[in-house]
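So you can see what is in the structure, the chains are spelled out below.
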Amino acid sequence: MEFDKEKNPTAESHDDWFAITASRTATWYSSTFHNVTAMVGAGVLSLPYAMSHMGWGPGITVMVLSWIITLYTLWQMVEMHEMVPGKRFDRYHELGQYAFGEKLGLYIVVPQQVVVDVSTCIIYMVTGGKSLQKFALSVSPGHKPLKLTLCIFIFALVHFFLSHLPNFDSMSGVSLTAAIMSLVYSTIAWTASLAKGPMQNVAYSLTGTSDAAKVFNFMNALGDIAFAYAGHNVVLEIQATIPSTPEKPSKKSMWKGVIFAYIVVALCYYPVAFIGYYTFGNAVDDNILLTLEKPRWLIGAANMFVLIHVIGGYQVYAMPVFDMIETFLVKKLKFQPSLILRFTVRTLYVAITMFIGMTFPFFGGLVGFFGGFALAPTTYFLPCIIWMIVKKPKRFSFSWFINWIFIILGVMLLCLAPIGGMRNIIMSAKTYKFYQ
């Protein structure tokens, strides 16, 4: 799928139609909005739940390590975006092709990136539906709760419209709104928890009916935290929208945006995770807003803010998928770029993710499973592997050691987290009735 303009100059005219390369007028602050929207979302709400499966010591350690590792690997990707003079790696798979080879790069990166982006969209469908359901219950406590299937459908209706925004630049306003919402609902979550104070007889012992269950829950918690630090799968695509010159390469603006984004991430994640766990202990739900019930109006507002945020998050993760599909159809299958093509591709994608979200709305298990299976490689260690291949740090140097340590930790996460997530999905499926 890599594209060489010199070999095929006629296709260059289509670049202004594709979602990623259509516009290069973004700024550092728009990259901040996109990065915050991509990273903060469904994941932050499950962090107290992850802490309840890990305990104070391991939980704090994994949270801090994840912040450090993912910031480092994000810096690597920003640096590698323009490491070849005169060329920009606008998409994750293009960087993979440069490192692993034309075909092998596609086979390694594209399946992982597609799984990450699509699974995140599905999880956001479920999160948006549950947030809408909780909001409706907050404003009408005496009424029968809306069916989750209906709430997911209502959430999807918004995306049948927003998905036709042509590119990243056109959705800057959506990302800005979503980023603000992430700060607001995270603040509501931890301040409401703090105001509530520790529950009576709060317990911090690990949850699980047996030692085996505790181990599985610990593995699932690793996936929850991995999912919370997503964002690498769209970082090159976001950087591709920033203008670049030899005097001012895009990495300067992008890195400034990343730093601000990671400050916001810390302000959102640590208070929610630690104060939420402090307040509810091992009785916390997989979404802390489900545990918080009062003040009802405030929790209802927080759920509405989550809903607005994951609308933006869905679009950020859907855009690279739209770009992949449309690029493949135009460049490989020779479809003509058109509104009909775009409308068909994007409408079908929203419909498919909506259907899967309705069918398997197991939020906790989905986050843990996909956090380990899909996000661990592309976020925690694939950038390190690519860095080792293209930069070739000297053996036993500091860079060499750091990259190998992060690769080993990432592979461990890849092996352990999906096991716990799959177990939780199976346990939830035992009592679940489809489309209720």
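Residues numbered from 1 in each chain as written. Predicted model: local features only at pLDDT ≥ 70, side-chain atom pairs only at ≥ 80, totals over all residues. Heavy atoms only, no water.

### Brief notes about the overall build of the chain
Then step 1. On a plain count of helices and strands, the chain comes out with 16 helices and zero strands.
Then step 2. Scaling as 2.2 N^0.38, a compact globule of 436 residues should have a C-alpha radius of gyration of about 22 Å, and the chain matches this with 21 Å.
Then step 3. With the C-alpha coordinates aligned to their principal axes, the bounding extent of the chain is approximately 70 × 55 × 40 Å.
Then step 4. When burial is assessed residue by residue, the chain has 56% of its 436 residues classed as buried.
Then step 5. Pairs at least 24 apart in sequence give 85% of the contacts found in the chain among residues at least 6 apart.
Then step 6. On the chain, roughly 17700 Å² of surface is accessible, and the fraction owed to carbon and sulfur atoms is 71%.
Then step 7. Distance from the positive charge centre (31 side chains) to the negative charge centre (22 side chains) of the chain: 7 Å. (Helix = DSSP H or I, 4+ residues; strand = E, 2+ residues; numbered from the N terminus. Rg over C-alpha atoms; globule rule 2.2 N^0.38 Å. Buried < 20%, exposed > 50% of the residue type's maximum accessible area, 1.4 Å probe, protein only. Contact = heavy atoms within 4.5 Å. Areas by Shrake-Rupley, 256 points an atom, 1.4 Å probe, with all protein chains shown as cover. Lys, Arg positive; Asp, Glu negative; His and termini not counted. Charge placed at Lys NZ, Arg CZ, Asp CG, Glu CD.)

### Here's the deal with the packing of helix α6 (residues 102-139) against helix α14 (residues 339-359)
Packed helix pairs are characterised by how far apart their axes lie and by the angle those axes make with each other.
Then step 1. Packing of α6 against α14 brings their axes to within 8 Å, and their N-to-C directions diverge by 60°. Considered as vectors, α6 and α14 are oriented oblique to each other. Crossing angle aside, the handedness with which α6 passes α14 is right-handed. Of the residues in α14, those in contact with Asp117, Val118, Cys121, Ile122, Met125 and Val126 of α6 are Tyr349, Val350, Thr353, Met354, Ile356 and Gly357. (Axes fitted to C-alpha atoms, helices over the stretch in contact; angles between N-to-C directions. Parallel < 35°, antiparallel > 145°, perpendicular 65-115°, else oblique. Left-handed = near helix turned anticlockwise from the far one by under 90°.)

### Things to note about the packing of helix α3 (residues 47-54) against helix α4 (residues 56-80)
Then step 1. Close contact between α3 and α4 brings their axes to 7 Å; oriented N to C, the two are set at 130°. With respect to α4, the element α3 is oriented oblique. In terms of crossing hand, the pair formed by α3 and α4 is right-handed. Side by side, α3 and α4 meet where Leu47, Met51 and Met54 of the first sit next to Trp56, Pro58, Gly59, Ile60, Val62 and Met63 of the second.
Then step 2. Of the residues assigned to the contact of α3 with α4, the class counts are eight nonpolar, one polar and no charged. (Nonpolar A, V, L, I, M, F, W, Y, C, P; charged D, E, K, R; others polar.)

### A word on the confidence of the model for the chain
Then step 1. In this model, the chain carries an average pLDDT of 86, and 91% of its residues clear a pLDDT of 70 or more.
Then step 2. Ignoring residues within four places in sequence, the model shows residues 1-11, a span with pLDDT below 50, making 17 contacts including any to other chains. (pLDDT = per-residue confidence, 0-100.)

### As for the packing of aromatic side chains
Then step 1. Enumeration over the complete set of coordinates arrives at 21 aromatic pairs.
Then step 2. Centroid distance tryptophan 56 to tyrosine 204: 5.8 Å. Interplanar angle 55°. Geometry classified as tilted. One end of the pair, tryptophan 56, is in helix α4; the other, tyrosine 204, is in the loop between α8 (172-196) and α9 (211-228), with 148 residues separating them in the sequence.
Then step 3. Residue classification places tyrosine 204 among the partly exposed residues on the basis of a relative accessible area of 28%.
Then step 4. A ring pair is formed by tyrosine 72 and phenylalanine 406, whose centres lie 5.5 Å apart and whose planes are at 70°; its orientation type is edge-to-face. (Phe/Tyr/Trp six-rings, centres within 6.5 Å; stacked < 30°, edge-to-face > 60°.)

### What to know about a nonpolar patch on the surface
Then step 1. A cluster of nonpolar side chains, namely Leu65, Phe396, Phe401, Trp404, Ile405, Ile408, Leu409, Met412 and Leu416, defines an oily patch on the protein surface of about 830 Å² accessible area.
Then step 2. Looking at the nonpolar patch, the element that brings in the most residues is helix α16 (residues 398-431), giving seven residues.
Then step 3. Relative to the helices and strands, leucine 416 is located in helix α16. (Patch = residues over 30% accessible without salt bridge, like charges linked within 9 Å, V, L, I, M, F, W, Y side chains within 5 Å. Salt bridge = Lys/Arg side-chain N within 4 Å of Asp/Glu carboxyl O.)

### Some remarks on unusual backbone geometry
Then step 1. At lysine 392, a residue that is not glycine, the phi angle is positive and equals roughly 50°.
Then step 2. Here lysine 392 is to be found in the loop between α15 (363-391) and α16.
Then step 3. Judged by relative accessible area, which is 61%, lysine 392 ranks as exposed.
Then step 4. Of note, phenylalanine 396 is a non-glycine position whose phi angle comes to about 70°, a positive value.
Then step 5. We classify phenylalanine 396 as exposed; its relative accessible area is 56%.

### Points about the side chain of threonine 353
Then step 1. Relative to the helices and strands, threonine 353 is located in helix α14.
Then step 2. Take threonine 353: its relative accessible area is 1%, and that puts it in the buried class.
Then step 3. A polar side-chain atom of threonine 353 sits 2.6 Å from a polar atom in the side chain of tyrosine 314.
Then step 4. Not counting residues within four places of it along the chain, the set of residues in contact with threonine 353 comprises Val118, Cys121, Ile122, Met125 and Tyr314. (Polar contact = N/O pair within 3.5 Å; in protein donor to acceptor, adjacent residues only side chain to side chain.)

### Section: the nonpolar core
Then step 1. Counting 112 residues, the largest nonpolar core has Met63, Tyr229 and Tyr269 as its most contacted members.
Then step 2. Those residues within four positions of tyrosine 269 in sequence are excluded, and the remaining contacts are Met39, Val40, Val44, Leu47, Met63, Ala228 and Tyr229.
Then step 3. Membership of the second largest hydrophobic core comes to six residues, among which are Phe18, Leu329, Val330 and Val345. (Core = buried A, V, L, I, M, F, W, Y, C linked by side-chain atoms within 4.5 Å.)

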